[in-house]
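Overview (structure and organization)
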Amino acid sequence: LYTHPSPYTISRPAHASPPVHLTGTKLACGEGGCGACTVMISRWDRRADSPLHLAVNACLAPLCSVHGTSVTTIEGIGRSGALHAVQERLARAHGSQCGFCTPGVLMSAYSLLRERPHPTDAELTASLQGNLCRCTGYRPILDGLRSLCCGGGGDSSGCCGGGRGSSGCCMDAKGSGVATELFDTADLLPYDPSQEPLFPSELQLTDRYDASELRFTSDRVTWHRPVSLERLLQLKSEHPEAKLVVGNSEIGIEAKQKGAIYPHLICTSGVPELTRHSLVFVIGASVSLTRLAQLCRRLCSDAKAGGLSLEHQKRGCRALLDMLDQFAGPQIRNVAAIGGNVMTASPISDLIPLLGALGATLTLASLRGERNVAADQSFFVGYRRTAARPDEVLRSVSIPFCSERQHCYAVKQARRKEDDIAIVNAAIWVDLGPGGDQVAAARLCFGGLAPTVLSAGQAAAAMVGRRWEDGDALEAGLRQLKTEAAVAWGAPGGQAAYRSTLAASMLFRFYQRVCRDVGLPFDESAVDELDRRPLSATQVFESVPADQPIEDLVGRPVSHASAIAQVTGEAMYTDDAQAAAGELFLAPVMSDRARATVVGIDFTDALAMDGVAGFVDSRDVPGSNLYGYAFDDEPVFASSDVMFTGQFLAGVLAADRDTARRAARLVRVQYGPAAGSPVVTISDAAASDSFFPEEHWKQLTVGDVDEAFATAEHCVEGEMNVGGQEHFYFEPFSVLVEPKDGGSELLVYATSQNPSGMQSDLSKVTGLARNRIVVKVKRIGGGFGGKETRPSQLATPAAVAALKFGRPVRAVLDRWDDMAVSGGRHPVKARYKLAADRDGRLIGLRLLILLNAGCTLDMSENVAGRMLRACMETYRLASLSIEIRLCRTNLASNTAFRAFGTPQACAIMETAVSHLAESMGLSQCQIRELNLFRSGEITPNGAPVKSDNLWRCWQECLAASDYHGRLRELEVFNRASRHKKRGLSLCPIAYGIGMGKKFPLQSGATVNIYLDGSVLICHGGVEMGQGVHTKLLQVAARALQLPIGRLYIAETSTDKVPNTTASAASITTDINAPAVLDACLQLRRRLAPFVEANPTAAWEDWVGAAYLAGVSLSACGFCFNPPKEDADRRSGRGDSALYFTYGAACSEVEIDALTGDHVIRRCDIVMDLGASLNPAVDIGQVEGAFTQGCGLYTIEDLRYSPDGRLLTRGPGAYKIPGFSDIPEKLNIRLLRGSRCEHPKAVHSSKAVGEPPLNLAASVLTAIRQAVLAARLDSQVELPNGHQGQLSFQLDSPATSERIRLACGGGLVAEVSNTDGSAPWEVRPSD
Ligand SMILES: Cc1cc2nc3c(=O)[nH]c(=O)nc-3n(C[C@H](O)[C@H](O)[C@H](O)COP(=O)(O)OP(=O)(O)OC[C@H]3O[C@@H](n4cnc5c(N)ncnc54)[C@H](O)[C@@H]3O)c2cc1C
Ligand code: FES
Ligand code: FES
């Protein structure tokens, strides 16, 4: 199929040359950071004479590297009608929502099963370390796949809390009205490994594919695969500039992110001398990290099982294992080699510090011979530079074992526990001398502190000769580290104080560990890092009435309508469409400045490339170059002024994506002077008075706030920054525009949550009336608000190009570009003042919120409006004054994001309440409970509270979580534990459902019955994983009294249902279900006479009879279901919510006060979702939203350079929660007996998509509580003594950096900006 494959051609068949069109493998990041592209590579292990199956990231696997192996993609394991056991279990367990991550997750699990047919729970969890999912919250994925494990997981003692105890659940008792099973495990296909396909015999029987020398040449690169050391050395001597490749996990990233091209690549995985290892710990440079971990595991095992006989010899291996367990994910470890890590010489390598500390030796080989060098600073001479000569290759690494008196540990601190590179790591080795109590030698190696791995020689020297037992050695080491490990203000990487502090904390932890090992007194709470227990989870929901017919699926946990297509990889997304005849690919030319004027653009070099068809820029726009949501302030292409880094200046069109993207990089842009320096942060905007006009701000005053503050018994004041958030939907912006009829019509396939909005934007830009533009959306791989307005940025240039060239145009952003242009959740800066009476009743709130809107208005005014209302929906406040201002900055426009401004409001309100409780000496819970709205009250903006379900959720959550009992236990724990602290917080949410206006709450639907009796439904909602199609099928099936299998929803299309409201604000089901219901009931009425005439006939007979009688079998439904009033534009006043969704969550966290790490130990959530239409979908939404909220409030940390470049592009730099970030124990309950207050709600259900996200504020405030406990212990020195300790600012996200620095203590380093220089990074909320 491929005669001259380019090494840069990724192994994703859909994007390779046309002969194969397998679309199941998804490309979501292209940098090995998400696992969506996981495939299984199988090779014959000739030493073991058996096949070896490995999960790898296709996006980093050069096509040449898979020669001689067998590659299995999701299509190879099962298909609809013939599912593999892993596919069936994931589908049945509701483990896919948008489905874009699903094939990758399954291929990781499948690869594990091929190696370990009956894995343990821990092995399963480890196999998924390299996979992310943005939708599900991971629990259902684990639940489904765990059914394949031996043993299973979860609590097995006592009441399972509605979980699935092995002998059933007491709550499942008939008539209890409660159900706990979201899927039935009884009839699951057993996994039968003997049915797996055999390894291809042609690869097994001969080694000519995998053991012969190879050379592939393409126009840019030659790929060599030598199979002997001699040949490798020859090649390296012929091409000293050649790069050696093993796992490609460094080179692949360099090629992608820096556009690096290496004319010669030499793959060393076939060189036997580099792939061997020996038991005296000589590791060939090409030994993969997985193999290395296996070896270490064996050496650490019992001597009879091949382990080392002396315990102390195992110390180095254990330290290596500790590092390898935290190193990337399995897909990377399976291919990446120790040599690649060493030779990259990265300052944050996880292995180099340890090799240095253990005193390892590197053997370098060339045609001139071999030499040994120490793995220390004499070899790692600079940032990513080594002392290796150009013709030398690393042959092996030799690691000495520890002697009895030598101790070594390695630790790593990253932003996320799994699959993340280190902020700082350390490997420390000490020799306690013949007497075992005096330091004879020490090596302290740190990654992440300097441009190379830092060997703290002075600290080591200071420790030598000092006694261990009395802490003398530690004191001396810490004293010296203060200067030696100091990170200067403004140093690359930022976080200067934190990084220096970590170095000291890590030495302190090492000291405690060695004390433990040698039998000296030690602090138990300092020794270990936070441990994570296996997930245990329960779900409790109301069962359907006993008399509900079995075929009526409303209220039952029905699987997602696309589940089978998603688990088989058959589900189609925009970019999966086959290329249309004559199709061109558009690659944008993007500004690399945040604020500038464009003087000229030179396309000469780009146009000279083969395959380039031309370009488009603002001169080609046939209609208006400006469009927009609220105002037309979004340029298709910047014609002069640039507003943010990444803004589209032009587009280059070529026959394929690779050519188009390479050509776009060749376009030269000439910039002129800007009107000023870029405005990036909120402080920048305030300083330069850069705001959107006041008419867009929000302001509400109720009561006399000044009077309240004057009379209040208690009052706190504070500031809080809440960072933004990247949507990180898995499917990046994609569009395919087909011009029709000479350009008088456009057919557009797009990743959009808002097809009608995109149609309107395209109409403005092309000048075509909307009736000539059809926008279709089959499904999208996640949206979360990010695809409501922003995808028009890509669709409009593509449409302009399609019209200019008269050819179909496809455009797909890669993850980096998508993150640069798509905007996200608004970062905010707030100042609050909150007053209470003596008992804790809230009597006054003053709040000023500045919101970083980015460069255009987009939906920022609406976000601010929703934020304003959210500040007063949950707690009773006698008086308040809230003002929200919109900052205009040189960032990509911030936009809608799940929960639309309310999470920032919740973070601020709940923090202010916590702050008040701390200052009053009351529990947070007490104040919250005292101020919750009760039925019959009216919120300050005039919304009546019509139900007491907030109170019910609160009380049920208090009881289910055993809040009071656990709080007592926690206090005992905190008193006894100096360096680990726990926090417990219970937070409520009352979430007004609606859009603040009446008009958007309308929708239409078309329902067609065909003569075979099948039914096609079209409605205005977009399926993005939230399950709207599934719920609507359930509703329609009940209305038509048909089995759900006879109904189908194909796509959303503006020519089927016009003028639709965006799928947003959690109301997609609320507004579309009634429209579908309306159409179904019309049809039912039309069929009634035929049913009456022949009641025993079948459905298709009635349909046939109606047709023959000339009765229309197509009906249009419509729904307009507005709230009572529009909210006032300025003040948000008005009864503008349809109803409220309520909930409460109680979260317990533990923090490591030495490193700032945290773990969520348990979370109990109670949600009021009325009468749930589908508990599986709804609980999936609760878990997914909550996990996204945890990401927002803890680890998702957007950072920019001071001149406005996004530094956190891609999953390598921007961390969303992974499998190990969810609560260890997660109990979800849907409030029983609840019915929606709104009379027209569909079967009395409530909206769910957004509200649970805000419940993660319980995690933020629990962290705050734990930090407070640490501060009290560490006697934080602040001017006001005790009061000072209480009063502290903990911003969101509460990253490990913020937690650590807030905990205080003597190890905290102080770093100041002495020369007023610019910081290395800024946060837009600063
Ligand atoms: C998603 C992701 C996560 C990661 N996580 C981590 C992490 O947690 N910790 C960490 O430390 N790193 C991490 N990395 C970085 C990377 O995976 C490691 O450095 C890895 O060990 C590199 O090995 P490789 O075989 O893939 O190198 P390659 O990309 O194949 O090669 C890297 C460099 O080493 C040179 N080289 C390779 N072998 C030799 C040899 N024998 N002689 C001379 N030069 C040689 C190559 O020419 C090239 O310059 C991560 C990377 C990715 C993409
Ligand atoms: S697409 Fe390959 S890991 Fe994300
Ligand atoms: S289902 Fe996992 S990313 Fe959407």
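Residues numbered from 1 in each chain as written. Chains lettered and ligands numbered in written order. Predicted model: local features only at pLDDT ≥ 70, side-chain atom pairs only at ≥ 80, totals over all residues. Heavy atoms only, no water.

1. Comments concerning the sheet that holds strand β30 (residues 714–722)
Spatial ordering of the open sheet is given by β29-β39-β38-β37-β30, a layout of five strands whose pairing is mixed. Pairing within the sheet leaves two strands with one partner each, and these edge strands are β29 (698–702) and β30. Neighbour to neighbour, the strand axes of the sheet diverge by 5 degrees on average, direction disregarded. In the sheet, β30 pairs with strand β37 (residues 828–836) via nine bridges, with the strands oriented antiparallel. Bridge assignment links His714 to a residue of β37, and that residue is Ala836. (Pairing = 2+ DSSP bridges. Helix = DSSP H or I, 4+ residues; strand = E, 2+ residues; numbered from the N terminus. Axes fitted to C-alpha atoms, helices over the stretch in contact; angles between N-to-C directions.)

2. A look at the nonpolar core
Note on soluble globular proteins: their nonpolar side chains tend to be buried together. In this structure, Leu145, Phe730, Val748 and Ile1165 are the most contacted members of the largest nonpolar core, which totals 223 residues. Looking at this core element by element, the count peaks at 10 residues for helix α27 (residues 902–920). (Core = buried A, V, L, I, M, F, W, Y, C linked by side-chain atoms within 4.5 Å. Buried < 20%, exposed > 50% of the residue type's maximum accessible area, 1.4 Å probe, protein only.)

3. Details of the sheet that holds strand β32 (residues 734–740)
Taken in spatial order, the eight strands line up as β23-β27-β21-β35-β32-β33-β34-β44 in an open sheet, and their pairing is mixed. Of all strands in the sheet, those with a lone pairing partner are β23 (612–616) and β44 (1052–1053), marking the two edges. In terms of strand pairing, strand β21 (residues 584–590) meets strand β27 (residues 648–654) through six bridges, oriented antiparallel. Residue pairing for β27: Phe585 is matched across the bridge by Ala654.

4. Regarding the pairing of β27
In terms of residue burial, β27 counts as a mostly covered element, since seven of its seven residues are buried. Two strands pair when backbone bridges link them, and β23 and β27 are joined in this way by four bridges, in the antiparallel orientation. By the bridge assignment, Phe615 is partnered in β27 with Val652.

5. Quick look at the UniProt feature "binding site: FAD" (unreviewed entry) in the chain
Here the UniProt-annotated "binding site: FAD" (unreviewed entry) positions come out as Leu244, Val245, Val246, Gly247, Asn248, Ser249, Glu250, Ile251, Phe327, Asp350, Leu394 and Lys412. The greatest C-alpha distance among the annotated residues, which extend across 169 residues, is 27.5 Å, indicating that they are dispersed rather than converging on a single site. As for its placement among the helices and strands, Glu250 is situated in the loop between β7 (243–245) and α7 (251–257). Those residues within four positions of Glu250 in sequence are excluded, and the remaining contacts are Thr344 and Arg384. Summarising the element assignment, Asp350 is placed in the loop between α12 (338–344) and α13 (352–358). For Asp350, a relative accessible area of 7% translates into the label buried. Ignoring sequence-local partners within four residues, the contact set of Asp350 consists of Met323, Gln326, Phe327, Asn341, Lys412, Ala422 and Asn425. (UniProt positions renumbered as here; feature names shortened; annotations may be inferred. Contact = heavy atoms within 4.5 Å.)

6. Some details on empty space enclosed by the protein
One way to see where empty space is left: roll a probe the size of a water molecule over the atoms. Summed over the entire model, instances satisfying the criterion amount to 13 cavities of 30 Å³ or more. Quantified by volume, the largest cavity comes out at close to 90 Å³. (1 Å grid on protein atoms, 1.4 Å probe; cavity = no way out; pocket = protein on both sides within 12 Å on 5 of 7 lines; lining within 4 Å. Points joined across faces, edges and corners; volume = space filled by probe spheres on them.)

7. What about the packing of aromatic side chains?
Taken as a whole, this structure holds 14 aromatic pairs when the rule is applied. With a centroid separation of 3.7 Å and 5 degrees between ring planes, the pair formed by Phe603 and Phe615 is classed as stacked. Of the two residues, Phe603 sits in the loop between β22 (596–602) and α19 (604–607) while Phe615 sits in strand β23, which places them 12 residues apart along the sequence. When sorted by exposure, Phe603 lands in the same class as Phe615, which is buried. Residues Phe728 and Phe730 carry aromatic rings whose centres are separated by 6.0 Å and whose planes lie at 65 degrees to one another, so their mutual orientation is edge-to-face. Take Phe728: its relative accessible area is 1%, and that puts it in the buried class. Looking at Phe730, the relative accessible area reads 2%, which means it is buried. Stacked on the ring of Trp429, the Lys or Arg Arg443 has its end atom at 3.8 Å from the ring centre. (Phe/Tyr/Trp six-rings, centres within 6.5 Å; stacked < 30°, edge-to-face > 60°. Lys NZ or Arg CZ within 6 Å of the ring centre and 35° of its normal.)

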